[in-house]
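Survey of secondary and tertiary structure
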Amino acid sequence: LVIPIAALVGIALVRLAEAGQSVVQSQGTLKHAVLSQEAAALSEHLQVERALATLLLTSPPHRQQRLEGQYEGQWKLTDKRIEAYETARQELGTLSGDTTEVLERVADSLAELDRLRDAVTDRNKVTLSSAIFRYRIMIADLLAYRESLSNLAGETEAADLARASAAISSYGEY
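Note that this is a predicted model, so its numbers are computed, not measured. (Residues numbered from 1 in each chain as written. Predicted model: local features only at pLDDT ≥ 70, side-chain atom pairs only at ≥ 80, totals over all residues. Heavy atoms only, no water.)

1. Some points on the overall build of the protein chain
What counts here: To qualify as a helix, a DSSP run of H or I must reach at least 4 residues; to qualify as a strand, a run of E must reach at least 2; elements of each kind are numbered from the N terminus. Burial here depends on accessible area, computed with a 1.4 Å probe over protein chains only, as a share of the maximum for the residue type. Under 20% is buried, over 50% is exposed, and the range in between is partly exposed. For this analysis, residues touch if any pair of their heavy atoms sits within 4.5 Å. The Shrake-Rupley method, run with a 1.4 Å probe sphere, supplies the accessible areas, and residue values consider only the shown protein chains as cover.
Helix and strand counts for the protein chain come out as six helices and zero strands. Secondary structure elements of the protein chain, listed N to C terminal, follow the sequence α-α-α-α-α-α. With 174 residues in all, the protein chain has 34% of them scored as buried. A fraction of 75% describes how many contacts in the protein chain between residues 6 or more apart in sequence connect residues 24 or more apart. When the accessible surface of the protein chain is summed, it comes to about 10700 Å², and 58% of that surface belongs to carbon and sulfur atoms.

Structural data, given as structure tokens:
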């Protein structure tokens, strides 16, 4: 009688451990989904900011003051998205692999964003192609993170959804 009960308790403990691992994995996937959403919103704001930077760098002098105000106004909106993105990123904690490299590149690019903005508003410190390229790199890295989630998703349906979401974002950029 003791052996069957011990076997049942052992099986229950194994099932409980498996369920616990599933919960932990699901929480990690949810945190990635939240960060992916923030990355999408941030990339959209960076696209708008890039468009305004392009207009500012190519506009005649009589339009520059108004465009500079619009460009700086977009900074504030983008900065709010950056804060939300960074909060979601901190929730993930430490990671490993390709995802970490992409997120580190995003962090490095975002750290340099203020310098890029200053160079754009000064207009003599950056060329149009350089400004566009630097924005493009930030956006591409955010999209690369979203695309990498299909590898983390686990289930085929979730992976397909992650791929589709990343493809829609990429379509808007390219």
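2. Re the pattern of salt bridges
The test is simple: Think of a salt bridge as a Lys or Arg side-chain nitrogen and an Asp or Glu carboxyl oxygen that are within 4 Å of each other.
All chains considered together, the criterion is met by eight salt bridges. Taking the shortest distance from any N to any O, the salt bridge between D141 and R105 comes out at 3.2 Å. Of this pair, D141 sits in helix α5 (residues 128–152) while R105 sits in helix α3 (residues 98–111), placing them 36 residues apart in sequence. For the salt bridge of D114 with R117, the shortest nitrogen-to-oxygen distance reads 3.3 Å. Separated by three residues within a single helix, D114 and R117 lie in helix α4 (residues 113–122), roughly one turn from each other. When salt bridges with common partners are traced through the structure, they connect E49, D79, D114 and R117 into a single cluster.

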